[in-house]
Amino acid sequence: MIYARLLIIFLLGGLYQVSCSSGASKQSASSLESRDSVQSEVQQLLTGADQTEDYLPLLQGKKVGLMANQTSIVGDTSTHLVDFLLAHKVDVKFVFAPEHGFRGQVERGEKVDNEVDSKTGIPLPTLYGGNDKQDEIVQSIDVMIFDLQDVGARFYTYITSLHRVMELCAKHNKPLIVLDRPNPCGDQVDGPVRSDDRFKANISFHKIAMIHGLTIGELAQMINGEGWLEEGRQCKLHIIPVAHYTHSTRYVLPVVPSPSLPNDVSIRLYSSLCLFEATDFSVGRGTDWPFQVVGYPDPVFGDFKFTPGEKSGMAKHVEGKGQVNYGLDLRGVDPDQQQFTLKYLLDFYHEMPDKKRFFTRPDFFDKLAGTDQLRKQIIAGKSEAEIRASWREELTAYKTMRKKYLLYPDFE
């Protein structure tokens, strides 16, 4: 498939339009590893950040702010976006840091400090957990850039960071350029839809499916289109889409998105295993295989054994730390075959000798799930088929809404 280039009329005080760039006309190369299950002719996948000729002209003579982290890279040399912009004389004023920090080394849920980048001297204020000076920070620039690699699950907080940046840009009438990236789990839409605001949190911020099937750019369009910003505001969006991408394209991330998702297997299993985080079961944090193993300090759960310890980015919040855990080894699964499932959660719940000890943090579980019904259904002994049937109507409605905002051919 060859994407036709659309004429872009882009004025930094006016209406920003989505542009689709022609991969055939691109001369820059990328070393991003991709596997396309649809196209017989392999074409070079280009992220938004790789298509530098589409956004560099929009930044000249402007004061620029970014939301970025270690996943914000450009081209086959894996140059960081910040370094690339500075090398091209772009006036970068600050970089907002999301959860896990600018370098991706902060632990889950931990405070991200306002720092200064040691390499460039650029301020690194955070929006994770709030920032009293966020309004004046955004007022100081002409245009904002968002470039973070999402992994396709509602509880992955980079999409909450997107919303907060859009809020600030809309409030202060600043345009936002979204450098889109593939969704490594964009070939599925599944799980319960968060509809009740009782369960709204950083890990369940939007009324979307648990596995949402959107890229960052598509979600940005949805946030605008569904009127989810405060006071009905609209963010002036300009999206640089991924070239040669479809929702059937399998994509292997070139950079680890956060400390506990070190490879493709962990990323594809994450949506199914993250619900264990509201229990005392280990998903391998503190080992070399986070989100690739599941276990508990009781031999009833299996013959596979592992002992969580301390690893960089996984030292403070380690379930089963220092204990022998027994359970399931998923390191050898084929990531291409992994889809969201409740099987692991239901199997371990059924094996739990004292089921009252399973949901140790029920409120957290309900926020991860976006509903309290899933937890109640598991306790009631419902099968996966029965549980799935209960969310079918809302999921179907979500899929219909999602179609309105897609930038790429869908997987179904």
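One can find the structure itself at the top, above this paragraph.
If you're wondering where the values come from, they're calculated on a predicted model, not measured in any experiment. (Residues numbered from 1 in each chain as written. Predicted model: local features only at pLDDT ≥ 70, side-chain atom pairs only at ≥ 80, totals over all residues. Heavy atoms only, no water.)

## Notes on the overall build of the protein chain
Working step 1: For the protein chain, the count of helices and strands is 11 helices and 16 strands.
Working step 2: Evaluated residue by residue, the protein chain yields a buried proportion of 59% over its 412 residues.
Working step 3: Taking contacts inside the protein chain between residues at least 6 apart in sequence as the whole, the part at least 24 apart equals 73%.
Working step 4: With the model as given, the accessible surface of the protein chain reaches about 16,500 Å², and the carbon-plus-sulfur share is 49%. (Helix = DSSP H or I, 4+ residues; strand = E, 2+ residues; numbered from the N terminus. Buried < 20%, exposed > 50% of the residue type's maximum accessible area, 1.4 Å probe, protein only. Contact = heavy atoms within 4.5 Å. Areas by Shrake-Rupley, 256 points an atom, 1.4 Å probe, with all protein chains shown as cover.)

## A short note on the packing of helix α4 (residues 158-171) against helix α5 (residues 216-225)
Working step 1: Direction vectors running N to C along α4 and α5 enclose 50°, while the axes themselves pass 11 Å from each other. It follows from the interaxial angle that α4 and α5 lie oblique. The element α4 and its partner α5 pack so that their crossing is right-handed. Across the interface between the two elements, I159, L162, H163 and M166 of α4 pack against I216, L219, A220, I223 and N224 of α5.
Working step 2: Its residues assigned to classes, the contact of α4 with α5 comprises 7 nonpolar, 2 polar and no charged. (Axes fitted to C-alpha atoms, helices over the stretch in contact; angles between N-to-C directions. Parallel < 35°, antiparallel > 145°, perpendicular 65-115°, else oblique. Left-handed = near helix turned anticlockwise from the far one by under 90°. Nonpolar A, V, L, I, M, F, W, Y, C, P; charged D, E, K, R; others polar.)

## Focus on the packing of aromatic side chains
Working step 1: On inspection of all chains with the given rule, the structure shows 19 aromatic pairs.
Working step 2: With a centroid separation of 5.5 Å and an interplanar angle of 80°, the aromatic rings of F281 and F348 are classed as edge-to-face. Of the two residues, F281 is situated in the loop between α6 (264-273) and β14 (293-296) and F348 in helix α7 (residues 343-351); the sequence distance between them amounts to 67 residues. Each member of the pair, F281 as well as F348, is classed as buried.
Working step 3: Both rings, one in F359 and one in F365, keep their centres 4.8 Å apart while their planes meet at 75°; by these two values the pair is edge-to-face.
Working step 4: For F359, a relative accessible area of 10% puts it in the buried group.
Working step 5: Looking at F365, the relative accessible area reads 0%, which means it is buried.
Working step 6: Three or more aromatic residues joined by ring pairs make a cluster, and in this case those are F276, F281, Y296, F301, F348, Y349, F358, F359 and F365. (Phe/Tyr/Trp six-rings, centres within 6.5 Å; stacked < 30°, edge-to-face > 60°.)

## Re the nonpolar core
Working step 1: Formed by 88 residues in total, the largest nonpolar core has its most connected members in L176 and F276.
Working step 2: In terms of residue count, α4 provides more of this core than any other element does, 8 residues in total.
Working step 3: Judged by nonpolar contacts, the second largest core, of 25 residues, contains F84, V92, A97 and I145. (Core = buried A, V, L, I, M, F, W, Y, C linked by side-chain atoms within 4.5 Å.)

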